[in-house]
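Next come the chains, spelled out residue by residue.
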Amino acid sequence: MTVVAYVLYAFIGGGALLALVRLARGPSLLDRVVATDTLLVIIAAGLAVYAALERDPTVVPVLVVVSLLAFVGSVSIARYVGGMLVRTGTDAGRDAGLPVAAEEREAGA
């Protein structure tokens, strides 16, 4: 393997490690969702780098499945969080999914 391959795999591994740290630390659901999506993109990039360096076209279907999984997962979570933001009548007009600090910023804007 060349030096370029080692550097690419080191960058991909470092990015995956940072995404795992963000996934573990949180602190909110949306932080974890973004970290998961980032991790799936890094996995897809790793597969693409492997396919390009090894000239192995058999990895491409796996790459497509991982990319679709990342997209569908992000859209599903966005719809779920969007449903949480529906205003409730019992909480004096507060959003059900927003933290108090975010609501104060919206009220001030």
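Note that this is a predicted model, so its numbers are computed, not measured. (Residues numbered from 1 in each chain as written. Predicted model: local features only at pLDDT ≥ 70, side-chain atom pairs only at ≥ 80, totals over all residues. Heavy atoms only, no water.)

(A) Highlighting the confidence of the model for the protein chain. Averaged over all residues, the pLDDT of the protein chain equals 82, while 77% of them reach at least 70. By mean pLDDT, the top-scoring element of the protein chain is helix α1 (residues 3–25) (93), and the lowest-scoring one is helix α4 (residues 100–108) (61). (pLDDT = per-residue confidence, 0-100. Helix = DSSP H or I, 4+ residues; strand = E, 2+ residues; numbered from the N terminus.)

(B) Quick look at the environment of Leu 69. Along the chain, the position of Leu 69 falls in helix α3 (residues 60–84). Sequence spacing of Leu 69 and Asp 37 is 32 residues, and the spatial spacing of their C-alpha atoms is 9.3 Å.

(C) Region of interest: unusual backbone geometry. At the junction of Gly 26 and Pro 27, the peptide bond is cis and its omega measures out at 0° in the coordinates. Turning to its location among the elements, Pro 27 is positioned in the loop between α1 and α2 (29–54). In this model, Arg 55 sits at a positive phi of 55°, which is unusual for a non-glycine residue. The residue Arg 55 is located in the loop between α2 and α3 in this model.

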